[in-house]
Every structure is written in C-alpha cells, then in structure tokens.
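Chain and residue survey
These are the residues of each chain, in order.
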Amino acid sequence: MKLEFIPLEKLVVSKANMRYGRKAPDVSDILPTVRSRGVIQPVIVRPQSCPEPVEGCAPDGYEIIAGSRRFHAAKIVAEERRAARDGDTDADMALLPCAILDAGDDAAAVEASLIENLARLDPDEVTQWETFTRLVREGRRLEDIAATFGLPNLAVRRVLALGNLLPAIRDLYRREEIDAATVRHLTMASKSQQKAWLALADDPDSYVPTGHQLKAWLLGGQSIPARHALFDIEASGLATVADLFGDDRYVADADAFWAAQNAAIETKRAAYVEQGWADAIIVPPSDHFSTWEYEKAGKRKAGRVYLDVRSSGEVIVHEGYVSRKEAARLAKAEGSENGGGTGQKQARPEVTSTMQTYIDLHRHAAVRAAMLAHPRIALRLMVAHAITGSHLWSVKPEPQRTSNDAVQGSIDNSRAEGTFDEHRRAVLAVLGFSSEEPTVTGGNCDDYGVVGVFQRLLDLPDTVVMDVIAIVMGETLASGSAAVEAVGMEIGVDMAGWWQADDAFFELIRDREVLTRIVAEVAGESVATANAGEKTKTLKRIVRDHLDGTNGRERRENWVPRWMAFPPAAYTSRDGVGTVAAHAKAQAAREIERRTRGDDEPVSGRSCPQHDLNSTGCCSPDTPSAPGAVTILPDAHEEAGSDRLAA
C-alpha cells in the first residue's frame, strides 16, 4: 500500500464500497473541517479495472473502497472554491490523499470499506448483512469475518441470519418500520409464513402480530423450546426453528411434540414404579404441583413421584412426596401401632386449644408492636402478602380483558403495556418465579408462599423492593377507577408519550358531534365548520391526515383526545364519560383531605421530586426517572444485591 495525492476527477466510488448506489451521504458533520483544513485522513482506493466502457471509469483512474463521505465533502468544497474564483479551482483542493490497495482483491476491498464505516458512521444491520454476504461469497469464513471486525461469532451469525428474510421484510427493517424483536421472530418463519405476514402488514384493516405476539402467531399459540424434550428430538425428525440469535430452538409442530413427549413421560413414569416407588403421578399442564401441599416421604413410607408437566413442555420431577392428609394418617397409624397392645392411651397434646390461642395472641401482639421499630421488615411482609395473599388478604390482578378483539390488540401492542411487561418479567426473575407466569400477584393464599416471598424480599435492597412494589401496584390498579385518576394527576402522566391514535380508536368513534369537535381541535375551527355536514368517514380521514401529516395537511404532533388526558374532559355537555366521572371522585377526595389538613390552597397535584407538575410533560416516557421510580430491566436482575436493578 502506498500514499499518493490523486485528482478528484480521477476518483469514483467503487461498487465494493458498502455505501455504493445509495444517495449522497450526509457530510454536514465533516464539511466545516474539510473547508478549513482539507481531507486529513487518506481515503482507501485501488486502480480501476475497466474491461468494458463504464461511466466515470478513466484508464488511469481509481475507485474508492473506503472514504466515500470524505470524497463527497472534498467535491463540495472544490465546487465552492471554483464558484468563488469564477471557475478557477485551487489545485490543492482538487487533490485527495489516497492509500492505494492492490487491484483485484474484492474481499480485502469489502473488508476495508466496512471496517472504515464501522469506525465512523454506523451502518444498519441490513447493510452489514449485504456486506458480510459478499465476503462469504468471496470465500471468507464466519470466524474470519468475526476476527476481522472484532465481533463475536454470534453477532456475525445474527447478521447473516437476516438472509432468511424476504427482501421486503429486510427493507422494512432497514427503514425502521419494524423493530428488532419482530425481525428476530420472523427469521424463524418459513417463506410462506413471511408472505402471509407481509400480506397482513399491507392490509390496513388487519391486525399485524409483532414482538412476542408474533412468536405465538408463528408457532400456533405455543412456544415450546426444543431443550425441554425428554426424547431425542434430532432422531425423531421433528422440525424445529431457531430465532435470529440461534440460542433457542422451538418446535414447529406442537401436536407432534406432545405425542412424542407424552410417550416419553409415560416411559419415565413406569421406570419410577419399577424402582419401587408407591406410584408415579403425572400432573398435567392444567394443574400445578405445590410442594407446600405435600410432605416428604421415602419409598418405605409409600412415597410417590410426581411428574409436573408444564405448558412449555418442561417436565419437573418431584421424588418422594405424600399429601398432608396421608402424612397425618400415617403418623396416626404409627402412633397407634406404638401404643397398641400395651394398654397405653395416646399421648395428650402438651397444651390445650385455649392455651394455644393465649400463646398465639400474645406472640402476635408482641411481634406487631416490635415491628413498629422495623418498617423495613413490615414493608417486605406487606409486599409478600400483596403478592401471595392469605386468609386475611384478597388481592387480584386487573384482568385487562375486553370482548372486543381490536381493543384487546391495541392494548397488547401499546408502548405502555410493552414497557410494563418488560419490567414485570424482571421482577418475576428477581423473586425466583418462572418467566412464563402471566402476573407477579395472585398467589395461593397460603403461609408457605407468604414466608417464601418474604424471605426473598429480605435479601433485596429497599430500592429494588420499591421496584417490585411498583409492579405489584400496577397489576392490582383497577382500570377506570378514581385511583387511576389520582395517580395520573399526582405523577403528571403525559399520555402523548404513551399513546397514539390507532385503527381501534377511530373505529370506536361514531358520534358526529364529538368528531366535529375533534376536527376543530386537530385541524382548527374553520376546517370543522366547513366540514360540519360531511359523513363521519370523511371527518375521521381529516383527523388521520392531520395526525399523519399526509394529503397536504399540516401535521398535528402529540395529540391526545380530551377523554384520555390528565385531567380528562368531555367534548359535549351530555355527560357519560367514565374518566371524567372518576376524576371528579378523585378531586372530591382530595378536596376533603385538603380541608381536613386545613390547607387554604386547592389541591392540584403535589410536585414531583424532580419536576413542577404544572408542566404536563412531567414523568413522560422520555423524562428521567424521579427517585424511587421503576428502573428494573429484564437483563439486569442477575445482580440482586446491587442498590437498584438497572441497565
């Protein structure tokens, strides 16, 4: 490789350059430097090879392998200098410092291009895939590519996996119209499934599954990891699919899996019986084996084996258990046998039932009095009760269910629901629960569960416990209640950050008077007046056009209907808006509290620790969290001893 200064007119961007064929790159960030100091870092070029006449190909010219942005910036500056000097260009500005490669080595050229660009302007994953694919065709192995660019083999494999996608899906990903989670799941899809998904995406009236919903759609509603198979899945010939990362493989045919898995479970059950266990019982996915309902018992004491089958295909084996009733009968029988034939009576309990009540009540009184000095302990015990329940606690999660499929789909795919579910999974992991559990709350209301969760919470710092509380309270916050209004006003929730008008929203608006008011709100009173006699379909289209900024209408940013804002309001004087009624209840309660405290000023929302709640943007999704806000992330729970689970 040698260095030379080469005239601009003898340089063209090579087809081996990863940015070849794309529109002229944005050079605004480097243009001021090039104007003042010229191009300092040499571009990488090689002699042109022109077996056939090609536009821009000079016999003694060079093609740019890496440095397209510097080349374009130098051309802009040269044109500026030429215009300033009436066509006469400074000779120095017409030259570009170049490092010249040997001709003909396409693989080396592609590597040079991508290395240069990875170090400067990050290419998207689809562009990386195109470049890596060209390197593979040039004979580079995956390990070679990973070593060249300093990437893990898994990262290169993930990028190359994009080749499983149809070009139309790759283009959607390149334009950021679908997210990484959706692309990851689409790499598991067959070509016919990808075409079916694209057809849904092209139909404005269809529901398009994305993210986790997409995986369920692809796998027929069941996501069964191949690793849970008790049989040799490779020898069985059962088809499996892998995601973009290749970490997990999933069963393509759930029915075929369960046929083979059930046979393997039955074989395992029979083997335990042959080993001398009293019985081996299969617990189906519809039921659940709770260890606290059983007691340990060996083979000699008629212990059984329970094969707990989960809907994910996993089988958990519990060896040596009998039910509590059976354990009590066995203990009674043993006591009877020990006293049989001796004339001895069965031993009386050490304390009477009344004495036991006396002991229990005094110990209870002492513990709760002592707990006054230990609020940290009390907080964790309260959370354990809220999660698990007891005969004195009845806590149920908000079901978030509706009979309208469109509304259900809108909620399931909303940004707010996705964010909450992400944090919920982190809390499930922190508490040692299965990630397949749909909720954190809603336990079995037994002592064992309460104590188990309580002990786990004792090991967590206060900040993490507060994160758990936020999820527990979020799950048990009643939809449509005055509590939602009170919390929303207290925090200062900005709905524009969490919600955007979707098809389900527009489908549900059918009142012409309301639609006219919405048009006035979005497009202005003059537009609303001019279209007052139009059909509701036309009014909806006007609103859509303004929200999207299409069909020549000015875009209306961050619009939220009055019903959904905090505080909510109605569009007419006819009443019948549930959020407005709930807000009135919340305001009435706050006013009573204000009068009780003797405050003179009306209650309009306490200030956030970091923000003034007179600003509607407080605690929106883009606002930094206030102290105590939830910051748990799914991949951060491994360090449970840290002060807070965060990214």
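Up top you'll find the structure we're talking about.
Just so you know, these numbers come straight off a predicted model, no measurement behind them.

As for the packing of helix α7 (residues 167-174) against helix α9 (residues 191-202)
Packing of α7 against α9 leaves a shortest axis separation of 10 Å and a crossing angle of 55°. In terms of axis orientation, α7 runs oblique to α9. Residues Ala168, Ile169 and Leu172 of α7 form the contact with α9, whose own contacting residues are Gln194, Trp197 and Leu198. Per-class residue counts for the contact of α7 with α9 are five nonpolar, one polar and no charged.

Here's the deal with helix α18 (residues 447-458)
Its twelve residues give α18 an end-to-end C-alpha distance of 16 Å, which sits within 8% of 16 Å, the value for a rise of 1.5 Å per residue. Within α18 the residues assigned to the buried category are Gly449, Val450, Val453, Phe454 and Leu457. The buried residues of α18 occupy an angular sector of 130° when projected down its axis, which confines them to one face. Structurally, α18 contributes buried residues whose contacts are with α15 (375-388) and α19 (462-475).

Overview of the nonpolar core
One finds Ile518, Val519, Val543 and Trp559 to be the most contacted residues of the largest nonpolar core, which totals 24 residues. Those elements that place two or more of their residues in this core are α21 (503-508), α22 (512-523), α23 (525-530) and α24 (536-548). Tallying contributions element by element places α22 first for this core, with seven residues. What valine 543 contacts, discounting residues up to four positions off in sequence, is Phe506, Ile518, Val519 and Val522. Within the second largest apolar cluster, 21 residues are counted, among which are Leu31, Ile64, Ala73 and Ala78.

What to know about the packing of helix α17 (residues 415-430) against α19
At a minimum axis distance of 10 Å, the contact between α17 and α19 shows a crossing angle of 125°. Between α17 and α19, the angle is such that the two are oblique. In this structure, α17 meets α19 at a crossing whose hand is left-handed. Between α17, through Phe420, His423, Arg424, Val427 and Val430, and α19, the contact on the second element is made entirely by Val464, Asp467, Val468, Ala470, Ile471, Gly474 and Glu475. In the contact of α17 with α19, the residues fall into seven nonpolar, two polar and three charged.

A look at a nonpolar patch on the surface
On the surface, a nonpolar cluster with roughly 280 Å² of combined accessible area is contributed by Val351, Met355 and Tyr358. With respect to the helices and strands, tyrosine 358 occurs in helix α14 (residues 353-370).

Digging into the pattern of salt bridges
Applying the stated criterion across every chain, the model contains 24 salt bridges. Note that aspartate 421 and arginine 425 form a salt bridge whose closest N and O atoms lie 3.0 Å from each other. With aspartate 421 and arginine 425 both in helix α17 and four residues apart, the pair spans about one turn of that helix. Take arginine 425: its relative accessible area is 33%, and that puts it in the partly exposed class. With a shortest N-O distance of 3.1 Å, glutamate 475 and arginine 424 are connected by a salt bridge. With glutamate 475 in helix α19 and arginine 424 in helix α17, the pair connects residues that are 51 residues apart, well separated along the chain. By the burial criterion, glutamate 475 is buried, and arginine 424 matches it. Look at the salt bridges and you will find they share partners, linking Glu417, Asp421, Arg424, Arg425 and Glu475 into a network.

Cut-offs applied
- Residues numbered from 1 in each chain as written.
- Predicted model: local features only at pLDDT ≥ 70, side-chain atom pairs only at ≥ 80, totals over all residues.
- Heavy atoms only, no water.
- Axes fitted to C-alpha atoms, helices over the stretch in contact; angles between N-to-C directions.
- Helix = DSSP H or I, 4+ residues; strand = E, 2+ residues; numbered from the N terminus.
- Parallel < 35°, antiparallel > 145°, perpendicular 65-115°, else oblique.
- Contact = heavy atoms within 4.5 Å.
- Nonpolar A, V, L, I, M, F, W, Y, C, P; charged D, E, K, R; others polar.
- Expected span 1.5 Å × (residues − 1).
- Buried < 20%, exposed > 50% of the residue type's maximum accessible area, 1.4 Å probe, protein only.
- Arc of directions from axis to C-beta.
- Core = buried A, V, L, I, M, F, W, Y, C linked by side-chain atoms within 4.5 Å.
- Left-handed = near helix turned anticlockwise from the far one by under 90°.
- Patch = residues over 30% accessible without salt bridge, like charges linked within 9 Å, V, L, I, M, F, W, Y side chains within 5 Å.
- Areas by Shrake-Rupley, 256 points an atom, 1.4 Å probe, with all protein chains shown as cover.
- Salt bridge = Lys/Arg side-chain N within 4 Å of Asp/Glu carboxyl O.

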